[in-house]
Amino acid sequence: MCVCVCVCTCMCKCCDRYMESYKMAIARIIAFILFCSSICHVPSLAVILRTTDKIVWANEFEPIELTCLIESISTNNPRIEWKKIKNGIPSYVYFQNRISGDLEHRAQLREPANILIFNATRTDTAEYRCEVAAIDDQRHFDEILINLAVRVRPVVPRCSVPDAVTVGTSSELRCLENEGFPAAQYRWFHNNEELPLDPKTSPRLINSSYTINQDTGSLKFRRVKKDDAGEYYCQAKNDAGHAQCPPQKMEVYDIDIVGIFLKSLAAFVAFICITVGICHAHKHGCFSSKDHSDNNYKTPGHEHGVVYGDPDEGHFRHKSSFVI
Ligand SMILES: *[C@@H]1O[C@H](CO)[C@@H](O)[C@H](O)[C@H]1NC(C)=O
Ligand SMILES: *[C@@H]1O[C@H](CO)[C@@H](O)[C@H](O)[C@H]1NC(C)=O
């Protein structure tokens, strides 16, 4: 019994001693880690910038804020500067604690180093660089680049719709808008209803032969049908808004108008020729029939002496023949 107890206490003591050295080892490791992290990683001695968006889209005539957040800094009054880089040429936007250049009177600096543009315009589309210099920090400079694109809503597009086309011929309607940014996409409307990109998808338009190019604004008919007649307008649209041209009427004729005109003209000319011919023939005929009445022949003969010279001779001949 006694031996057993003795062994037991001995083992426990051993255990304790072992545990203690183990704890000390852990404490040393932790201390080393702490020490190491304080040496290797110095968050309070570097200026580090961050932004919420490196690529920013804004709408024209709306406010927009470019964020330049300072994640860590230990300098009290860091020097903050903003530059605008357009076509590779930098210019100051915020310099010596004031807004300058393009954005003067149109923007302000907001804590910590954000820039707020009150009313963005299309000329503000550019790269912007936020630069912060912190003299007391070990790493005393950081910069961040932000790409700003200002959306511009489309203006009223220029539309060209032919007044009249002939059934079975091809025809193209055009729509163009140049102000919008990003470039507008086009939609066409026929009698106030939007034309789907593929006419086959609509039972109403299944027989129509058009194709629409959303990027160029062209509406092309391979073979115009009677049902394609009506009012057309086009809408130019991008993320900033849309605009449309007034509706224009396109008429569809069964037959070629020019053909009809030429045919009519030919018929008219033929008619004139025939009429003249008949008249001419008739005039000859008239005299031969009037020769028998002696009272009438003299009057036309005198009035149209030159023209009727020959018939007069004829008359004499007839007279002479009478004599014979
Ligand atoms: C922004 O500027 C445009 C043109 O300069 C002006 O028409 C518009 O009213 C301005 N918008 C605001 C909100 O100030
Ligand atoms: C399309 O054409 C077919 C065959 O010519 C005709 O039966 C059908 O009614 C037409 N559909 C429409 C909507 O005009």
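The numbers attached to residues start from 1 for each chain and follow its sequence in the written order. Going through the entries in the order they are written, you letter the chains from A and number the ligands from 1. For this predicted model, a pLDDT threshold of at least 70 governs which residues receive local features, and a threshold of 80 or more governs which side-chain atom pairs are given and counted, while totals over whole chains, interfaces and linings are taken from all residues. The basis for every side-chain value is the complete set of heavy atoms in the structure, and neither hydrogens nor water enter the calculation.

Under an unreviewed UniProt entry, the protein has the name Junctional adhesion molecule 3 and belongs to Gadus morhua.

Peer 1: Looking at this model, I keep getting lost on the sheet that holds strand β3 (residues 64-66). Mind explaining?
Peer 2: Backbone-to-backbone hydrogen bonds pair the strands of a sheet. The strands run either parallel or antiparallel. One open sheet holds the three strands; their spatial order is β3-β9-β8, and the pairing between them is antiparallel. The open sheet terminates on both sides in strands that have one partner only, identified here as β3 and β8 (107-110). Averaged over all pairs of adjacent strands, the angle between strand axes in this sheet comes to 25°, irrespective of strand direction. The sheet contact formed by β3 and strand β9 (residues 114-117) spans three bridges and is antiparallel. Note on β9: the bridge partner recorded for I64 is I117. Only strands that DSSP links by at least two bridges are regarded as paired with each other. Labels follow the DSSP assignment, with helices taken as runs of H or I lasting at least four residues and strands as runs of E lasting at least two, numbered in each case from the N terminus. All axes are obtained by fitting lines to C-alpha atoms, using only the stretch in contact for helices, and the reported angles, taken between N-to-C directions, cover 0 to 180 degrees.

Peer 1: Would you mind showing me how to read unusual backbone geometry here?
Peer 2: Note: most residues except glycine have negative phi, and most peptide bonds are trans. Following E111, the chain continues into P112 via a peptide bond in cis, with omega recorded as -5°. Structurally, the position occupied by P112 is in the loop between β8 and β9. F181 connects to P182 through a cis peptide bond whose omega is -5°. Residue position: P182 is located in the loop between β14 (171-176) and β15 (185-190). Although it is not a glycine, Q96 sits at a positive phi angle of roughly 50°.

Peer 1: Can you walk me through the environment of I255 in this structure?
Peer 2: Following the sequence through the fold, I255 ends up in the loop between β21 (248-253) and α2 (257-290). Along the backbone, I255 and V165 are 90 residues apart, and their C-alpha atoms lie at a distance of 9.3 Å. Contacts: residue pairs with any heavy atoms within 4.5 Å of one another. Contacts of I255, omitting those with residues within four sequence positions, involve T166 and I260.

Peer 1: Explain the sheet that holds β14 to me, please; I cannot follow it from the model alone.
Peer 2: The sheet built from four strands is open, its strands ordered β12-β14-β18-β17 with antiparallel pairing. One side of each edge strand has no neighbouring strand; the edge strands of this open sheet are β12 (158-160) and β17 (210-213). With strand direction ignored, the average angle separating the axes of adjacent strands in the sheet is 10°. Where β17 and strand β18 (residues 218-221) come together, four bridges link them in antiparallel fashion. Paired with I212 across the strands is L219, a residue of β18.

Peer 1: It is not clear to me how the packing of aromatic side chains should be interpreted in this structure. Could you clarify?
Peer 2: How two aromatic rings sit relative to each other is set out by the distance from centre to centre and by the angle between their planes. Pairing of aromatic side chains requires ring centres within 6.5 Å, counting the rings of Phe and Tyr and the six-membered ring of Trp. Pairs whose planes differ by under 30 degrees are stacked, by over 60 edge-to-face, and all others tilted. Within this structure, the stated rule accounts for five aromatic pairs. An aromatic cluster is present here, built from Y210, F221 and Y232 joined pairwise through their rings.

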